[in-house]
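Here are the chains, one letter per residue:
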Amino acid sequence: MKVAVFSTKSYDREYLEKSNADFGHKIHYFETPLSPTTTDLTVGFDAVCVFVNDKIDRGMIEKLSKNNVKIIALRCAGYNNLDVKAAHENNIKVVRVPSYSPEAVAEHAVALILTLNRKTHKAYNRVREGNFSLENLIGFNLNKRTVGVIGTGIIGIAFCKIMLGFGCQVIAYDIHESEKLKELGVQYKSLDELFSAADIISLHCPLTPETHHLINKKAFSSMKKGVMIINTGRGGLINTDDVIQALKHKKIDYLGIDVYEQEADLFFNDLSESVIQDDLILRLISFPNVLITSHQAFLTKEALTQIASTTLQNLSDFENEILLVNELK
Ligand code: NAD
């Protein structure tokens, strides 16, 4: 198939090229995101392949349909950035990569916890400057702490298992409970019970109308003072204004985020020589107890290999009229 890949980074190209040796699609790589102004680049392509921050609304889908694009391949699991209903109404199939490496994301959430807690990022910089002082580097034991997990799908399950390994008490909230996790000792609670009991809260649910701003002023008021919040889910799960207030008032002691509600204009780009216009991210960066990574939780060799092969397999299945197991309906 003729495939237009948008928002291409060097690692996307490297892994798609390697995998395409088995598939033989004709791939053209665009560095630009797919946006209302770049939709016309899709003329002559059967498929477009996009990532998390390519926002595809109804108007763009109608244009894609006019350009004869037949399928949109998301090279990610989440699909909150795409109007799936509009795609169906315009006879465009949508496929995704529902599972590539849940461990990659779960392990990154743990990396955020350990870094915030044991302050290894600060120690690294200090030692490089000949500062061997331990002042202000005190952490806490994870053992016996209560960890609250919101969303226990494949990533949440992988995360729970790691935290159980640390000797944490793991509690969870999900609209569908996992029997497997219960057998491992995870206790399901109501959202309010989880907020009030957890020392660490980690978000692993999708962004939906129900979960939008799940972590807001009201939620903070139910939480323990000094709680740690970790978000590797989607930025919109947290109300950014409210989290800044909670940090200012020392309601939360640590915030680790790999996703940010207004990330689309920032993340994945080198803006080191630019004047950043987003005052909220600058305020977040200014806190000593906030750690931000720019949507890199998925970025492991294993995950990139799986993303590339599943994406190209999805396209081949469509071409060969085989049942699309990863289709969004
Ligand atoms: P999944 O579908 O396996 O699990 C999601 C879980 O959330 C399910 O158990 C579901 O029942 C639960 N859920 C849905 N609505 C809920 C609600 N209102 N309240 C509580 N729980 C709810 O998905 P997954 O693969 O585990 O991924 C979870 C999310 O992680 C994705 O939706 C995506 O947004 C995010 N993600 C981030 C990265 C990254 O690089 N940072 C990478 C992959 C996925």
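Residues numbered from 1 in each chain as written. Predicted model: local features only at pLDDT ≥ 70, side-chain atom pairs only at ≥ 80, totals over all residues. Heavy atoms only, no water.

## Some thoughts on the environment of aspartate 22
Okay, step 1: Summarising the element assignment, aspartate 22 is placed in the loop between α1 (10–20) and β2 (26–29).
Okay, step 2: In sequence terms aspartate 22 and methionine 223 are 201 residues apart; their C-alpha atoms lie 51 Å from each other. (Helix = DSSP H or I, 4+ residues; strand = E, 2+ residues; numbered from the N terminus.)

## A look at the sheet that holds strand β4 (residues 71–74)
Okay, step 1: Taken together, five strands build an open sheet; the order of strands is β2-β1-β3-β4-β5 and the sheet is parallel. A single partner strand is all that each edge strand has here, and the edge strands are β2 and β5 (93–95). Going across the sheet, the axis of each strand differs from the next one's by a mean of 20°, ignoring polarity.
Okay, step 2: Taken together, the three bridges between strand β1 (residues 2–5) and strand β3 (residues 47–50) define a ladder with parallel strand orientation. Looking across to β3, one finds that alanine 4 is bridged to valine 48.
Okay, step 3: The strands touched by helix α12 (residues 301–319) are β1, β2, β3, β4 and β5; relative to β4, the strand with the most contacts, the crossing angle is about 160°. (Pairing = 2+ DSSP bridges. Axes fitted to C-alpha atoms, helices over the stretch in contact; angles between N-to-C directions. Contact = heavy atoms within 4.5 Å.)

## Here's the deal with the sheet that holds strand β7 (residues 169–173)
Okay, step 1: As summarised here, the arrangement of the seven strands in space is β8-β7-β6-β9-β10-β11-β12, forming an open sheet in which the pairing is parallel. The open sheet has two free edges, formed respectively by β8 (187–188) and β12 (290–292), since each of these has just one partner strand.
Okay, step 2: The pairing of β7 with β8 spans two bridges and is parallel. Of the residues in β8, the one forming a bridge with alanine 172 is tyrosine 188.

## Describing the nonpolar core
Okay, step 1: The biggest cluster of nonpolar side chains holds 48 residues, and the ones touching the most others in it are Val3, Leu34, Val48, Ile56, Leu64 and Leu315.
Okay, step 2: Per-element tally for this core: the top contributor is α12, with seven residues.
Okay, step 3: With residues near it in sequence (within four places) discarded, leucine 64 still touches Leu34, Thr39, Thr42, Val48, Ile56, Val69, Ile72 and Ile92.
Okay, step 4: Counting residues in each nonpolar core, the second largest holds 32 residues, with Ile171, Ala219, Ile257 and Leu266 among its members. (Core = buried A, V, L, I, M, F, W, Y, C linked by side-chain atoms within 4.5 Å. Buried < 20%, exposed > 50% of the residue type's maximum accessible area, 1.4 Å probe, protein only.)

## Overview of the site of the ligand
Okay, step 1: Neighbouring the ligand are 22 residues, the closest being Tyr100, Ile155, Asp174, Thr232 and Asp258.
Okay, step 2: The side chain of aspartate 174 places a nitrogen or oxygen atom 2.6 Å from an oxygen atom of the ligand.
Okay, step 3: One of the backbone nitrogen or oxygen atoms of phenylalanine 298 is found 3.2 Å away from an oxygen atom of the ligand.
Okay, step 4: Considered on its own, the ligand offers 860 Å² of accessible surface; in the complex 85% of this is hidden by protein.
Okay, step 5: More than half of the atoms belonging to the ligand lie within 2 Å of the grid points that define the largest pocket.
Okay, step 6: Looking at the shell around the ligand residue by residue, the classes come out as ten nonpolar, nine polar and three charged. (Near = heavy atom within 4 Å. Polar contact = N/O pair within 3.5 Å; in protein donor to acceptor, adjacent residues only side chain to side chain. Areas by Shrake-Rupley, 256 points an atom, 1.4 Å probe, with all protein chains shown as cover. 1 Å grid on protein atoms, 1.4 Å probe; cavity = no way out; pocket = protein on both sides within 12 Å on 5 of 7 lines; lining within 4 Å. Sits in = over half its atoms within 2 Å of the grid points. Nonpolar A, V, L, I, M, F, W, Y, C, P; charged D, E, K, R; others polar.)

## So, the packing of aromatic side chains
Okay, step 1: In this structure the tally under the stated criterion is six aromatic pairs.
Okay, step 2: Both rings, one in phenylalanine 6 and one in phenylalanine 30, keep their centres 5.0 Å apart while their planes meet at 15°; by these two values the pair is stacked. A residue pair is termed long-range when its members are at least 10 positions apart, and phenylalanine 6 in the loop between β1 and α1 and phenylalanine 30 in the loop between β2 and β3 qualify at 24 residues.
Okay, step 3: Ring centres of tyrosine 260 and phenylalanine 267 lie 6.4 Å apart, and the angle between their planes is 35°; on these two criteria the pair is classed as tilted. The same class applies to tyrosine 260 as to phenylalanine 267, namely buried.
Okay, step 4: Members of the aromatic cluster, joined through ring pairs, are Phe6, Phe30 and Phe45.
Okay, step 5: The aromatic ring of phenylalanine 45 is capped on one face by lysine 2, whose charged end is 5.4 Å from the ring centroid. (Phe/Tyr/Trp six-rings, centres within 6.5 Å; stacked < 30°, edge-to-face > 60°. Lys NZ or Arg CZ within 6 Å of the ring centre and 35° of its normal.)

## So, the domain arrangement of the protein chain
Okay, step 1: Here the protein chain is described as being made up of domain 1 (2–100 + 300–319) and domain 2 (102–292).
Okay, step 2: Here domain 1 and domain 2 have C-alpha centroids that lie 30 Å from each other.
Okay, step 3: If you look at the interface, domain 1 gives 13 residues, while domain 2 gives nine residues.
Okay, step 4: Summing both partners gives a buried area of about 900 Å² for domain 1 against domain 2, and 57% of it is carried by carbon and sulfur.
Okay, step 5: Broken down residue by residue, the surface that domain 1 buries against domain 2 is led by Lys9, Asn53 and Asn80, which jointly contribute 48%.
Okay, step 6: For the pair domain 1 and domain 2, the number of links is zero salt bridges.
Okay, step 7: Taken together, domain 1 and domain 2 are joined by three residue pairs in polar contact (both at pLDDT 80 or more).
Okay, step 8: Taken together, the residues of the side of domain 1 that touches domain 2 sort by class into six nonpolar, five polar and two charged. (Domains from an automatic or database assignment. Buried area = accessible area lost by both parts, 1.4 Å probe. Salt bridge = Lys/Arg side-chain N within 4 Å of Asp/Glu carboxyl O.)

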